[in-house]
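Examining the three-dimensional arrangement
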Amino acid sequence: TAVVYANLEDSIPNTIDTNFRIASFTKPFTSILILMLVEDGLISRDGKLTEYLPGYTVKGGEKITIRQLLTHKAGITGHPRIPDLLDIEKLHYTRDELLKLIMRYDLVYEPGDGREYSNFGYALLALVIEKVTGQSYDEVMNERICKPAGMTSTLSDITEQPIEKRAIGYTHDYFTGLERASYLEMSFCLGAGQLLSTVEDLYLFDQALYTDKLISEKSKKFFFNVSGWRKT
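Everything in this summary refers to the structure shown in the same document.

1. Re the environment of Gly112
On the secondary structure map, Gly112 appears in the loop between helix 5 (95-102) and helix 6 (119-133). Note: C-alpha distance between Gly112 and Arg67 (45 residues apart in sequence) is 9.5 Å.

Here is the structure:
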């Protein structure tokens, strides 16, 4: 049963196939895709980021491993450290522009020496996925996750593109009540928060994780117990 509104102003109700921005639940999709590419032999969990993304040239970045990016231990800055975040997240970024944006920020610690939750770290993983496969993130996701799991309504949100049955996001202001969430350019969220999905699709994704449709038992142990999706 679906409740409340997908669009409050126009009184459009949610349905069971309403598309919601799933924000950081995008990260498990990115993690699964990386683990699939590890199983394919295209990358190594302990391989260096710069082996697969040589354009990343931040000082110390040559020490970063794929494993460290998956576990938020690479030293890539977290968003709370970015003073102009509200401005830069409103701009559109090509893949090259996004990489250049990430490279504006120095590492905040030696790779492996700390842990800081980083959206940019997962953006780098998404760029690795596209680099080693020669396909877009959505193409790889559809082929490797959505089709095997039977998912039909999961896709990247493109800010300027009308998407049917997409829910409007709202925040709550103490004085004025519910109001539309502030603008966010979704190209900024690659790999970390750009996906739209439905309740049904997320259920199918969850169920597929406990089968052999997506990744091996060895990869599942890493996914659940090492990369942070069950414990930190």
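Now that the structure is up, let's keep going.
2. Re the nonpolar core
Of all hydrophobic cores here, the largest spans 60 residues; its most connected members are Phe29, Tyr56, Leu69, Ile76, Leu124, Tyr137 and Ile145. If you tally residues by element for this core, the top one is helix 6, at nine residues. Sequence-distant contacts of Phe29, that is, excluding residues within four places in its chain, are made with Ile22, Tyr137, Met141, Ile145, Met151, Thr154, Leu195, Leu202 and Phe205.

3. Overview of the pairing of strand 6 (residues 177-180)
The pairing of strand 5 (residues 170-173) with strand 6 spans four bridges and is classified as antiparallel. Pairing of Asp173 across the sheet is with Gly177, part of strand 6.

4. With respect to the pattern of salt bridges
Taken as a whole and assessed by the stated rule, the structure comprises nine salt bridges. Here Arg67 and Asp46 are joined by a salt bridge, their closest N and O atoms 2.8 Å apart. Separated by 21 residues along the polypeptide, Arg67 in helix 3 (residues 66-70) and Asp46 in the loop between helix 1 (26-39) and helix 2 (49-52) bring together distant segments of the chain. A relative accessible area of 28% means that Arg67 is categorised as partly exposed. A salt bridge links Lys220 to Glu217, with the shortest nitrogen-to-oxygen separation between them at 2.8 Å. In this pair, Lys220 and Glu217 both sit in helix 9 (residues 217-225), three residues apart, roughly one turn of the helix.

5. Re the packing of helix 1 against helix 9
Between helix 1 and helix 9, whose axes approach to 11 Å, the crossing angle comes to 145°. In this structure, helix 1 meets helix 9 at a crossing whose hand is right-handed. Contacts from Pro28, Ser31, Ile32, Leu35 and Glu39 of helix 1 reach helix 9 at Ser219, Phe222 and Phe223. Looking at the contact of helix 1 with helix 9, its residues break down into five nonpolar, two polar and one charged.

Cut-off values and rules
Once a new chain begins, its residue numbering starts again from 1 and follows that chain's sequence as written. Local features in a predicted model are, by the rule used here, given only for residues with pLDDT of at least 70; side-chain atom pairs are given and counted only at 80 or more, and totals for whole chains, interfaces and linings are based on all residues. Processing note: side-chain calculations cover all non-hydrogen atoms of the structure and skip hydrogens and water entirely. Numbering of helices and strands runs from the N terminus; a helix is a DSSP stretch of H or I covering at least four residues, while a strand is a stretch of E covering at least two. Here, the term nonpolar core denotes a set of buried Ala, Val, Leu, Ile, Met, Phe, Trp, Tyr and Cys residues that are joined through side-chain atoms within 4.5 Å. Residue exposure (1.4 Å probe, protein chains only): buried if accessible area is under 20% of the type maximum, exposed if over 50%, otherwise partly exposed. By definition in these notes, contact holds between two residues if any of their heavy atoms fall within 4.5 Å. DSSP-based pairing: two strands are paired if at least 2 bridges between them are found. Each reported salt bridge corresponds to a side-chain nitrogen of Lys or Arg within 4 Å of a carboxyl oxygen of Asp or Glu. Axis definition: a line fitted to C-alpha atoms, over the contacting stretch in the case of helices. Angles run 0 to 180 degrees between N-to-C directions. The handedness criterion is simple: a crossing whose near helix is rotated anticlockwise from the far helix by less than a right angle is left-handed, and one whose near helix is rotated clockwise is right-handed. Throughout this entry, Asp, Glu, Lys and Arg are counted as charged residues, while Ala, Val, Leu, Ile, Met, Phe, Trp, Tyr, Cys and Pro are counted as nonpolar. The remaining residues, Gly among them, count as polar.

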